[in-house]
Amino acid sequence: MASASLAACRDGNPAELRDCGDVPAFEGLTNWMNTPGGAAIDPAHPEKRDGKQTITLVDFWAYACINCQRANEHLTRLYDHYRDFGLNVVGIHAPEYAFEHDTDNVARAAREQGIHYAIAQDNNFLTWNNFSNRAWPAHYLVDARGRVRQVHEGEGAYAATESLVRTLLADANPGIGLPSPIEAAAKDTQPIATPGRNPETYLGTDRAMYYSNPFREYEPGPHNFAYVAPDEKGYSLEGPWELRGQSITPAGPGAKIHLNYYAALVQIVASGRGELRVTEDSGRVSTFPTSEVPGTIDLVKTPGRAHGGTVTIEVPESMSAYSLTFG
C-alpha cells in the first residue's frame, strides 16, 4: 500500500489504494439532507450500520455544474448498489453561484437529479478548505479507520472507484458477500470526451473569456451592444445588458446572446422567471418557460454525436444568465 499526503494523492493512480492520511474535519456544514432526522455523518468516526462497518465516499459538488450532474448519476448508482453492504456517500454542496447558497434550491435540485444519499451544505467553504479541495466534482474515498485511500478530481474513474469500494468493504467486513460490479471498465476513462466541444463559458465579467464583443466594452455596468457575429465556439451579446461579476441581466427588451457551438447538449445556467426564446441557424424557434429556475436549462439536446451550429438566445428582463455549459 503506497503512503502519501492528501496533496500527493491527487496526482496518484485512481485505481490504486493509497494511504493519504486522516480524513480532514467536517466543519461548518449545515442543512443535512437524506439522513435520519437530519443527523450528520462523520467519516472520521465511521459507525456500524446493520452490523456492517461503513466506509464513506465524500464528494464535493455544485448542483448547476454539468460535470457534477453527470458524475452524480454514477455516484447514485454506486450508493444504491452498495449501501446495504456498508457504503456511505456524502455530497458536500459547495456553491459556485450565489443562488446555489439557497437550501430550497439545493433540495429541489437533489430531487430532480435523483440524489438520495446524504447531502450537506458548505456555503462558507470551511470543509472545502479543510480538504484543500480545488474542483467540482472531486471525491475522497475514506476507509473504515477514517483514512483517505483515494482522491479523484473531475469525472471518470468510475470502475476504478467501484473496485476500491469493494476492496475496502471486504477489508472492513471479512467474509461479506458483495453483488456483482456495475461499472464497466470500458467506461472508466474520462467520459464524454468530445473533441473540440465548447469549454464551459462564464458570462459574468469575473471569468468571461470567449466573448466576441470589443474587449473594452465587456466590463461591469450597463451596455447597449451592437450585433457582432460570434467567433467559432464563442458568443456575443446584442442589445441592452447589465454586466456583473457573476451574471448578466437584460436592461431592456431585445437583449440577445448569439452562440457558436460544437456539442450534443447546450445548457444555460440562469435564474429568474420568464421565457427564453431560442432560434437555431435553421430558423427553428423553441421557447423555454421557466418558473423553477435557478438552475440549468437544456437549450439544444441532440441524441448521438456532437455537431456544430449557431443559436440566438433571447433573454427577458426578468432573468439573469450565468454561464453556458456543453455536453
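For the structure, see preceding data.
Residues numbered from 1 in each chain as written. Predicted model: local features only at pLDDT ≥ 70, side-chain atom pairs only at ≥ 80, totals over all residues. Heavy atoms only, no water.

Attention now moves to the overall build of the protein. When you go through the protein residue by residue, the secondary structure sums to five helices and 21 strands. Whereas a compact globule of 327 residues would reach a radius of gyration of roughly 20 Å, the protein reaches 22 Å, a difference of no more than 12%. Seen through its C-alpha atoms, the protein measures out along the principal axes to roughly 70 × 40 × 35 Å. With 327 residues in all, the protein has 53% of them scored as buried. Contacts in the protein between residues far apart in sequence, at least 24 positions, make up 70% of those at least 6 positions apart. As displayed, the protein offers around 14200 Å² of accessible surface, 48% of which is attributable to carbon and sulfur atoms. (Helix = DSSP H or I, 4+ residues; strand = E, 2+ residues; numbered from the N terminus. Rg over C-alpha atoms; globule rule 2.2 N^0.38 Å. Buried < 20%, exposed > 50% of the residue type's maximum accessible area, 1.4 Å probe, protein only. Contact = heavy atoms within 4.5 Å. Areas by Shrake-Rupley, 256 points an atom, 1.4 Å probe, with all protein chains shown as cover.)

Residue position: Val-148 is located in strand 10 (residues 148-153). By relative accessible area, Val-148 is classed as buried at 0%. What Val-148 contacts, discounting residues up to four positions off in sequence, is Leu-6, Arg-18, Asp-19, Cys-20, Gly-21, Asp-22, Val-23, Pro-24, Tyr-140, Leu-141 and Val-142.

Further remarks concern the pairing of strand 17 (residues 274-280). Where strand 17 and strand 18 (residues 285-290) come together, six bridges link them in antiparallel fashion. By the bridge assignment, Glu-275 is partnered in strand 18 with Pro-289. Hairpin connection from strand 17 to strand 18: four residues lie between these consecutive antiparallel strands, with Gly-283 at a positive phi of about 95°. Relative to strand 20 (residues 307-314), strand 17 runs antiparallel, the two sharing four bridges. Residue pairing in the sheet places Thr-279 in a bridge with Thr-312 of strand 20. (Pairing = 2+ DSSP bridges.)

What follows concerns unusual backbone geometry. Going from Trp-136 to Pro-137, the amide bond is cis rather than trans, its omega being -15°. Even without a glycine there, the phi angle at Asn-31 is positive, about 55°. Taking relative accessible area as the criterion, Asn-31 reaches 38% and is therefore assigned partly exposed. Backbone geometry places Asn-34, a non-glycine residue, at a positive phi of 65°. Within the element layout of this structure, Asn-34 appears in the loop between strand 3 (30-33) and strand 4 (48-49).

With that settled, consider the packing of aromatic side chains. Going through the model one piece at a time under the given rule, you end up with 16 aromatic pairs. When the centroid spacing of 4.8 Å and the interplanar angle of 45° are considered together, the rings of Trp-128 and Trp-136 count as tilted. Exposure remark for Trp-128: the relative accessible area of 9% places this residue in the buried category. The ring of Tyr-202 is capped by Arg-207, whose NZ or CZ atom sits 3.8 Å from the centre of that ring. (Phe/Tyr/Trp six-rings, centres within 6.5 Å; stacked < 30°, edge-to-face > 60°. Lys NZ or Arg CZ within 6 Å of the ring centre and 35° of its normal.)

This next bit is on the pattern of salt bridges. Taken as a whole, this structure holds 13 salt bridges when the rule is applied. Glu-153 is the partner of Arg-10 in a salt bridge, and the nearest nitrogen-oxygen pair spans 3.6 Å. With a gap of 143 residues between them, Arg-10 in the loop between helix 1 (6-9) and strand 2 (18-19) and Glu-153 in strand 10 connect regions that are remote in the sequence. The salt bridge involving Glu-183 is made with Arg-77; its shortest N-O contact spans 3.2 Å. In this pair, Glu-183 sits in the loop between helix 5 (158-172) and strand 11 (201-202) while Arg-77 sits in helix 2 (residues 66-82), placing the two residues 106 residues apart along the sequence. A relative accessible area of 10% places Glu-183 in the buried class. (Salt bridge = Lys/Arg side-chain N within 4 Å of Asp/Glu carboxyl O.)

Where helix 2 contacts helix 5, the axes come no closer than 11 Å and their chain directions differ by 25°. Classified by the interaxial angle, the pair formed by helix 2 and helix 5 is roughly parallel. Note on packing geometry: the crossing formed by helix 2 with helix 5 is right-handed. Contacts between helix 2 and helix 5 involve Arg-70, Ala-71, His-74, Leu-78, His-81 and Tyr-82 from the former and Tyr-158, Thr-161, Glu-162, Val-165, Arg-166 and Leu-169 from the latter. Residue classes in the contact of helix 2 with helix 5 are distributed as six nonpolar, three polar and three charged. (Axes fitted to C-alpha atoms, helices over the stretch in contact; angles between N-to-C directions. Parallel < 35°, antiparallel > 145°, perpendicular 65-115°, else oblique. Left-handed = near helix turned anticlockwise from the far one by under 90°. Nonpolar A, V, L, I, M, F, W, Y, C, P; charged D, E, K, R; others polar.)

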